[in-house]
Amino acid sequence: MSATPERVAELETNLATVRERVDAACAAAGRQPDEVTLVVVTKYFPRSDVDALAALGVTDIGENKAQEASAKLAEEGGAPEGVRTHFIGQLQSNKAGEVARWADVVHSVDRVKIVRALDRGAQASGRSITGLIQVDLDGSDPGRGGALPADVPALADAVAESGLTLGGLMAVAPRGEDPGAAFVRLAEVAERLRAEHPDATMLSAGMSGDLEQAVAHGATHLRVGTAILGSRPSHR
Ligand SMILES: *Cc1c(COP(=O)(O)O)cnc(C)c1O
């Protein structure tokens, strides 16, 4: 099944709009657009959209549910040629082995148990995986995942000592707060991380609603769903 011509046109238009927003945010921040990677989040949308996006030049695809993502990106013939796959959702350690079979980058490493499970899975499938430590910028809502800033150094050491590559950090801006203020705190955590791990330069922050603030505060990877794919089917 491939996407209809109407759907391809819609994705193309939305992608162009988001790329313009990213370019404008980079210009405003004095950054180069090639410093920022757009990870298009395709959760709840069909494989045909993933293929259409790849044909439109998207290089990075993100998913947040282990089972759905494995079905979409591993079982259906693997990810499209040349596309990097990102797992961005909360991860249970019993699902980590499955994710390790297909993910190139896991953004949601938030405890040592996950590091171990991903490391085992990567070794079993002979793959190399980059791990980002998810930072909890709120602290009052543990259900959303993430490690508290104070716990990041020890977790970073655990990733660096494992077979995973320590890529950097990821965060979701807390609800009910100015995302810019939250991303300032994230940038501080990132700076401390780079003092110990100079190669851990990835900073995954910014979604459809706050990508400008994320670019302003140093994001290298934006995770954008709705602005490109439209409202998720479950929200219709
Ligand atoms: C769904 C999701 C996104 C994308 O959010 P949009 O607002 O649709 O752009 C980004 N990050 C994570 C962790 C997500 O689960």
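Going by the structure above, here's the rest.
Remember, predicted model here, so these are calculated numbers, not experimental data.

### Some words on the overall build of the protein
(1) Moving on: Regarding its fold elements, the protein presents nine helices and eight strands.
(2) Moving on: Taking 2.2 N^0.38 as the reference for a compact globule, 236 residues should give roughly 18 Å; the C-alpha atoms of the protein span a radius of gyration of 17 Å, in line with that estimate.
(3) Moving on: Along the longest, intermediate and shortest principal axes, the C-alpha atoms of the protein span 50 × 45 × 30 Å.
(4) Moving on: The buried share among the 236 residues of the protein stands at 51%.
(5) Moving on: Of the contacts made within the protein by residues no fewer than 6 positions apart, 62% connect residues no fewer than 24 positions apart.
(6) Moving on: Accessible area of the protein: about 10800 Å², with a carbon and sulfur share of 49%.
(7) Moving on: Between the averaged position of the 24 positive side-chain charges in the protein and that of its 33 negative side-chain charges there is a distance of 5 Å.

### Re the environment of glutamate 63
(1) Moving on: Positionally, glutamate 63 belongs in strand S2 (residues 60-63).
(2) Moving on: The spatial distance from the C-alpha of glutamate 63 to the C-alpha of phenylalanine 87 is 5.2 Å, given a sequence separation of 24 residues.
(3) Moving on: With sequence-adjacent residues up to four places away left out, glutamate 63 is seen in contact with Thr42, Lys43, Glu68, Ala69, Lys72, Leu73, His86, Phe87, Ile88, Gly89 and Trp102.
(4) Moving on: Side chain to side chain, glutamate 63 and threonine 42 meet in a polar contact 2.5 Å long.

### Structural notes on the packing of aromatic side chains
(1) Moving on: Taken as a whole and judged by the stated rule, the model has one aromatic pair.
(2) Moving on: Judged by centre distance (6.2 Å) and plane angle (75 degrees), the rings of phenylalanine 87 and tryptophan 102 are edge-to-face. Placement of the pair is phenylalanine 87 in strand S3 (residues 84-87) and tryptophan 102 in the loop between helix H4 (93-100) and strand S4 (105-109), with a sequence separation of 15 residues.

### Some points on the site of the ligand
(1) Moving on: With respect to spatial proximity, the complete set of residues near the ligand consists of Val41, Lys43, Asn64, Ile88, Met170, Met207, Ser208, Arg223, Val224, Gly225, Thr226 and Arg232.
(2) Moving on: Within the contact set of the ligand, an oxygen atom lies 2.5 Å away from a side-chain nitrogen or oxygen of serine 208.
(3) Moving on: Contact between the ligand and arginine 223: a nitrogen atom at 2.9 Å from a side-chain N or O atom of the residue.
(4) Moving on: For the ligand, whose free accessible area comes to 380 Å², the fraction covered by protein is 88%.
(5) Moving on: Comparing atom positions with the cavity grids shows the ligand to sit within the largest pocket.
(6) Moving on: The residue makeup of the shell around the ligand, split by class, is five nonpolar, four polar and three charged.

### As for helix H3 (residues 66-75)
(1) Moving on: What H3 keeps buried is the set Ala66, Ala69, Ser70, Lys72 and Leu73.
(2) Moving on: Residues of H3 that are buried sit in contact with helix H2 (47-55), S2, S3 and H4.
(3) Moving on: Phi turns positive one or two residues past the end of H3, at glycine 77, with a value near 80 degrees.

### Some details on the side chain of histidine 221
(1) Moving on: Structurally, histidine 221 can be placed in strand S8 (residues 221-224).
(2) Moving on: At 2.8 Å, the side chain of histidine 221 forms a polar contact with the side chain of threonine 220.
(3) Moving on: Residues within four places of histidine 221 in sequence aside, it is in contact with Thr37, Val39, His86, Met202, Leu203, Ser204 and Ala205.

Reading the values: the criteria
- Residues numbered from 1 in each chain as written.
- Predicted model: local features only at pLDDT ≥ 70, side-chain atom pairs only at ≥ 80, totals over all residues.
- Heavy atoms only, no water.
- Helix = DSSP H or I, 4+ residues; strand = E, 2+ residues; numbered from the N terminus.
- Rg over C-alpha atoms; globule rule 2.2 N^0.38 Å.
- Buried < 20%, exposed > 50% of the residue type's maximum accessible area, 1.4 Å probe, protein only.
- Contact = heavy atoms within 4.5 Å.
- Areas by Shrake-Rupley, 256 points an atom, 1.4 Å probe, with all protein chains shown as cover.
- Lys, Arg positive; Asp, Glu negative; His and termini not counted.
- Charge placed at Lys NZ, Arg CZ, Asp CG, Glu CD.
- Polar contact = N/O pair within 3.5 Å; in protein donor to acceptor, adjacent residues only side chain to side chain.
- Phe/Tyr/Trp six-rings, centres within 6.5 Å; stacked < 30°, edge-to-face > 60°.
- Near = heavy atom within 4 Å.
- 1 Å grid on protein atoms, 1.4 Å probe; cavity = no way out; pocket = protein on both sides within 12 Å on 5 of 7 lines; lining within 4 Å.
- Sits in = over half its atoms within 2 Å of the grid points.
- Nonpolar A, V, L, I, M, F, W, Y, C, P; charged D, E, K, R; others polar.

So yeah, pure geometry; function would need other evidence.
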